[in-house]
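The lines below spell out each chain.
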Amino acid sequence: MKRLLDMTSGASLPVERIGGKALSLFRLQQNGFTVPETLVVITDVYDHFVDATGLRERILLELHRKDFDQMRWEEIWDASLRIRSLFLSASIPETLRREILDTTLERFGSTALVVRSSAPGEDAASASFAGLHETVVNVSGEEPLLDAVRKVWASLWSDASLLYRQELGLDPERSAMAVVIQPMTAGRCSGVVFTRNPADSREAVVEAVHGLNQGLVDGAVEPDRWILDRRSKTIVTYREPKRERISIPGPQGVSLADLSGDRVEQAPLEPNEVHAVFDMALAAESLFGGPQDVEWTWVEDRLTVLQCRPVTTATATATDQRGWYLSLHRSYENLVVLRKEIEENHIPAMEQAAREMGAVALNEISDDALADEIRRRRDVNDHWVQVYWSEFIPFAHGIRLFGQVYNDAVRPEDPFEFVELLSHAPLQSLDRNRRLEAMAERVRFDPNLRERLEQRKFPSEDHPFMQEITEFLKRFGDLSCSAGETVQCAQGPGALIHIVLEWAAQPEVSRPLAGSRNSQARIRRYLDAFGEERRQWAERLLELARASYRLRDDDNIFLGRIEARLAEAEQEALRRLAEGGASSEEEVRRRLKEVMDEKPDAGTGAGGRQEAGAERRSYRARQLVGQPAGPGLARGSARVVKRPEELLDMQRGEVLVVDAVDPNMTFVVPMASAIVERRGGMLIHGAIIAREYGLACVTGVPDATDLIRTGDEVTVDGYLGIVTLQ
Amino acid sequence: MADPSEDIRSRIAALFETQRLAVLATQGPGGPHASLVAFWGAPDLQRILFATPRTTRKFANLTERPQVCLLIDSSRNVPADFHEAMAVTASGDARVVADADRPDSDVDYLRRHPYLKDFLRSPTTALVEIAVERYSLVRHFQTVMELLPKE
């Protein structure tokens, strides 16, 4: 049978085979709306493709590595990237290839095309989430067309779809994707209309931009915005933006250009046109029996509907974080702004704050002043924690944008190859480890010093070694207290000296891998994949991704310094309270006690959990599966770290098993032979630092710290993501 | 009547075509050890391939004691299995496929299990070949026929 459906021929199939978008376009066309000519690649083609290439089972394998409910968003993103990469590298069987190319050529000639998703569940009234699936605009040529179809197919398994899989009825065993192919309509202006304002059900919203609506949809171009009263159909408010940019067709895809000439001053729509757009959308609303979100474009005199779907009212609950995860997908432009803000304002301000706090001589101030100081430091800390979530985390996810661009351009066999282009950047934690190594080196060559340190007879403050220790503590804080939430820091330089001694006991700890020539070749291959005019952009994106990668590690170090200053003040308070003294003094210490009692949830961190170690079990784990996050194979004795202070027991050659590697913990990494982490993801701190040191790493192992115990002999296979207990 | 040896051969070859998983038995220091593996059987019945991570118990066992056997069966977990199902046990020596032979063997194995490509390509995965010395084919609940594929 014909598997590419020409809608103008009037044929119709059920939504399961043509998808929601195609069905709604078909109904619009039947009812007299202007829609672009449309070809539908029905779901049978998708099925044929995934069966013929073996992709169906590979997708299922990818999605069944662990229970869905145990997957973090980052793991879902990773799975989605792998699946996308499978689609991009699989070749379409010849018969299908010809069918798609010949039918499209016959129907549209060599005109530029738009390729859109049309998933069966996508536009159902109960499940309309914008931006779930891919749309590829302005496609010319055979290979780009097939690529676009593959990308749209792959987007059935985008991280957004996987997050909303229940609402979408997404079923890894059965779901399939139809694809809509249309000629590109480059209207003079475009936009969206919501027949019901998601923010106020009595209103409707019309948004419009000059040129294509791509920039409007992804947030790069600010639209003119009209709010209308649904009942009286009058314009209630109009907001005029600063019109600066316009989306225009590039050689392939869409480019942003500066808006020039009259159009800077001119609204894209006249008031009567605003009404025409609204009337058209109202007609769609009555056709489909509910509020609609319509994408439109104005081609000469004709108002054309590009797509139409039901408006959903967001029913996000407080515990539903999915919207937030998806907000981490930022555009290049947005990331550039974020980076500037972080590098020029936030980080210097954080350093400044840590410096100021460090200058206060805590042991000299009064109890009252100390109480005030603790409160102040808590506020400072809270502020930066908030900035961390709202600015740093979204920026750190910029590496994901690069990953997708890299994979699209280079088509590597390993979908995480792109990380190699980002690593070997100067990370704060590597700098810290280099200083540790320098101190260890001093101890190695000075047996006298080593002996004194081992006996805890520390040299005087002006000894060069002690100066380095002081300098280190000032710069990085006390490793043992910045490693977690607890205020139980080791006293003074003792803990740090213990770590230096442990480093010194080894000939030389692992060094981070130097940037290889291999990565230089990869960078060239990446840049060569772009045409002359996109090359600069590709270079800038790589630069941005490197900054993002660095920040993923560094932000925690900066935050760690602030936390360390807070911990230091709290520790001083605890010390004074422990001293107690006469009852009259207790009265004096009252404020200090109050302040310490305010501390939210002290001590309920990692240490609060009951240890399962003592209980006898009739089962044990023999082999655990996670994600292969750092290639390598290593065997060693497990060091399970549940509390930050346990890091200090770490010995060379042990396999570090933790819930989550905090960058402040990475000083023990060079001593480890491998890393196993409960938290999952390819781009989390543990995985990043393991790759920097060339260590085997497996992440996303459920209950790792309970199933593995300190002293167990474990083998870590970082290629397959397997941890075997002997 | 058809050549009984040809009949047995074609039944085993048919099992190779229809089944994907089989039970591998290895010998360990503490006793026998059984594992489910994804296999490919050569049409001439001379050899069977399967892949395993090198960190597994089955791999340690077969490296120490190469004598293994593999049970392939067509049961569907229904009562009719008792009269319909067939099972064949292949025994022989297992060895890791040499690097030089990998390209050809990989093609054979991946044709049967294309979704295991990443698994097979991992440097920590071994592709193992059993040089089959004897097949025991069980049909009709209790009929057992033996076949020496090399003769």
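(A) Local environment of the packing of aromatic side chains. Residue and element names in this part refer to chain A. With the rule as written, the count across this model stands at 17 aromatic pairs over all chains. Seen from their ring centres, Tyr-46 and Phe-87 are 6.1 Å apart, and the 25 degrees between their planes marks the pair as stacked. Of this pair, Tyr-46 sits in helix α2 (residues 43–52) while Phe-87 is found in helix α4 (residues 73–89), placing the two residues 41 residues apart along the sequence. Residue classification places Tyr-46 among the buried residues on the basis of a relative accessible area of 1%. Between Phe-49 and Phe-87, the aromatic rings sit 5.9 Å apart at their centres with planes inclined by 35 degrees, giving tilted as the arrangement. Of this pair, Phe-49 sits in helix α2 while Phe-87 sits in helix α4, and the two are 38 residues apart along the sequence.

(B) How the structure looks around the interface of chain A and chain B. Of the residues lining the interface, 14 residues belong to chain A; the matching set on chain B comes to 15 residues. Among the residues chain A hides against chain B, the three largest losses belong to Arg-58, Arg-622 and Leu-720 of chain A. Together they make up 41% of the total. The tally of links between chain A and chain B comes to 1 salt bridge. At the boundary of chain A with chain B, the tally comes to 3 residue pairs in polar contact (both at pLDDT 80 or more). Contributions of two or more residues to the side of chain A that touches chain B are made by α3 (55–63), β20 (713–717) and β21 (722–725) of chain A. Looking at which element gives the most residues to the side of chain A that touches chain B, the answer is α3 of chain A, with 3 residues.

(C) Expanded view of the pattern of salt bridges. Residue and element names in this part refer to chain A. Summed over the entire model, instances satisfying the criterion amount to 66 salt bridges over all chains. Across the pair Arg-400 and Glu-74 runs a salt bridge, and its minimum N-O distance is 2.8 Å. A residue pair is termed long-range when its members are at least 10 positions apart, and Arg-400 in helix α14 (residues 398–410) and Glu-74 in helix α4 qualify at 326 residues. Each of the two residues, Arg-400 as well as Glu-74, counts as buried. Residue Glu-244 is joined to Lys-242 by a salt bridge in which the shortest nitrogen-to-oxygen separation is 3.7 Å. On the basis of relative accessibility, which here comes to 47%, the residue Glu-244 falls in the partly exposed class. Through salt bridges with shared partners, one network takes in Glu-373, Arg-376, Arg-377, Arg-565 and Glu-568.

(D) Focus on the nonpolar core. Counting 173 residues, the largest nonpolar core has Phe-87, Trp-153, Trp-296 and Tyr-526 of chain A as its most contacted members. Of all hydrophobic cores here, the second largest spans 27 residues; its members include Phe-59, Ala-90, Val-128 and Leu-147 of chain B.

(E) Broad picture of a nonpolar patch on the surface. On the surface, Leu-21, Val-23, Leu-36 and Leu-71 of chain B cluster together into a nonpolar patch covering about 340 Å² of accessible area. Of note, Leu-21 of chain B is situated in strand β1 (residues 21–28).

(F) Spotlight on the sheet that holds strand β12 (residues 292–299) of chain A. Residues and elements named next belong to chain A. Ordered by their spatial adjacency, 6 strands build an open sheet running β9-β8-β7-β6-β12-β13, and the pairing between neighbours is antiparallel. Since the sheet does not close on itself, it has two edges, and those belong to β9 (235–239) and β13 (302–310), each with one partner. Mean inter-strand twist for the sheet, computed between neighbouring axes without regard to direction, equals 15 degrees. Direction of pairing for β12 relative to β13: antiparallel, over a ladder of 8 bridges. The residue of β13 that forms the bridge with Trp-296 is Val-305.

Parameters at a glance
- Residues numbered from 1 in each chain as written.
- Chains lettered and ligands numbered in written order.
- Predicted model: local features only at pLDDT ≥ 70, side-chain atom pairs only at ≥ 80, totals over all residues.
- Heavy atoms only, no water.
- Phe/Tyr/Trp six-rings, centres within 6.5 Å; stacked < 30°, edge-to-face > 60°.
- Helix = DSSP H or I, 4+ residues; strand = E, 2+ residues; numbered from the N terminus.
- Buried < 20%, exposed > 50% of the residue type's maximum accessible area, 1.4 Å probe, protein only.
- Contact = heavy atoms within 4.5 Å.
- Buried area = accessible area lost by both parts, 1.4 Å probe.
- Salt bridge = Lys/Arg side-chain N within 4 Å of Asp/Glu carboxyl O.
- Polar contact = N/O pair within 3.5 Å; in protein donor to acceptor, adjacent residues only side chain to side chain.
- Core = buried A, V, L, I, M, F, W, Y, C linked by side-chain atoms within 4.5 Å.
- Patch = residues over 30% accessible without salt bridge, like charges linked within 9 Å, V, L, I, M, F, W, Y side chains within 5 Å.
- Areas by Shrake-Rupley, 256 points an atom, 1.4 Å probe, with all protein chains shown as cover.
- Pairing = 2+ DSSP bridges.
- Axes fitted to C-alpha atoms, helices over the stretch in contact; angles between N-to-C directions.

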